[in-house]
Amino acid sequence: MKRLILVLVVLIMSSIILAESVETSNIAAFESKKGSLLIKEYHTVASIKSMYSTMLKLDVLYIKDATTNITHKGLRIEAEETKSYGSNTKYSFLDVDEVESLIQALTYIINVQTTRETGTQQPYREYVFSSKDSFKIGVFSDKSDYTVFAAVGNVGAISLFFKYNQLTQIKEHFEAALVKLNK
């Protein structure tokens, strides 16, 4: 019994320490603000279907605190997977500066296939962009095959896979979101 209690205490303390050490975006922190009236406005940019029917949705998000008139803007990335018993949805938020960095990373990743050697002797490689609020996107290459992947959400993240030729279209959607964010 004492061991069980000790294990539970250690698990609880570990989860508290982990939760406190997780960095998050400014928009995510503002979105989770308590004790204020928040007005949220979503503007859909795109919905992109992955190889296995999971959807990636991009929304420009404006949040205004009605009591202080402070407004934050950013990008909300949503992944929804449909299962036989229902659906699962996860969200990640990106600040404007992270969207800019993401576009630069995607430009680099798009050029990887043309600048890297190809062939069966090439090692496995990954190119990954990670945001503050649990969004990842990248490419992994096994020999000469390139596959785009993304993960949305923290615990129990939803993974998505795209064909490499969809990467340019995905980048264009993020660029469209950035244009809306800079208005």
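A.B. asks: Which residues make up helix H3 (residues 96-115), and what are the values?
C.D. replies: With 20 residues, H3 should reach 28 Å at 1.5 Å per residue; the first-to-last C-alpha distance of 29 Å fits that figure. Every buried residue belonging to H3 is among Val96, Glu98, Val99, Leu102, Ile103, Ala105, Leu106, Ile109 and Val112, and all of these are buried. Tucked inside the fold, the buried residues of H3 contact strand S3 (71-83), strand S4 (86-95), strand S5 (125-130), strand S6 (135-142), strand S7 (145-152) and helix H4 (167-181).

A.B. asks: An account of the nonpolar core is requested, with residue identities and associated values reported.
C.D. replies: Ranked by size, the top nonpolar core spans 37 residues in total, and within it Leu75, Ile77, Leu102, Phe135, Ile137, Phe162 and Phe174 carry the most contacts. Considering each element in turn, this core owes the most residues, eight residues, to H3. Every residue in contact with Phe162, bar those within four places of it in the chain, is listed here: Ile48, Lys49, Ser50, Met51, Leu56, Thr147, Val148, Ala150 and Ile170. Counting residues in hydrophobic clusters, the runner-up holds seven residues, among them Ala28, Leu61, Ile63 and Phe93.

A.B. asks: Run through the sheet that holds S3, naming residues and quoting values.
C.D. replies: With respect to topology, four strands assemble into an open sheet ordered S1-S2-S3-S4, the strand pairing being antiparallel. Each edge of the open sheet carries a strand with a single partner, namely strand S1 (38-49) and S4. Adjacent strand axes in the sheet meet at a mean angle of 25° when their direction is disregarded. One ladder, built from eleven bridges, connects S1 with strand S2 (residues 55-65); its direction is antiparallel. Looking at S2, one finds that Glu41 is bridged to Tyr62. The sheet contacts of H3 involve S3 and S4, and relative to S4 the element is tilted by about 100°.

The rules behind each value
- Residues numbered from 1 in each chain as written.
- Predicted model: local features only at pLDDT ≥ 70, side-chain atom pairs only at ≥ 80, totals over all residues.
- Heavy atoms only, no water.
- Helix = DSSP H or I, 4+ residues; strand = E, 2+ residues; numbered from the N terminus.
- Expected span 1.5 Å × (residues − 1).
- Buried < 20%, exposed > 50% of the residue type's maximum accessible area, 1.4 Å probe, protein only.
- Contact = heavy atoms within 4.5 Å.
- Core = buried A, V, L, I, M, F, W, Y, C linked by side-chain atoms within 4.5 Å.
- Pairing = 2+ DSSP bridges.
- Axes fitted to C-alpha atoms, helices over the stretch in contact; angles between N-to-C directions.

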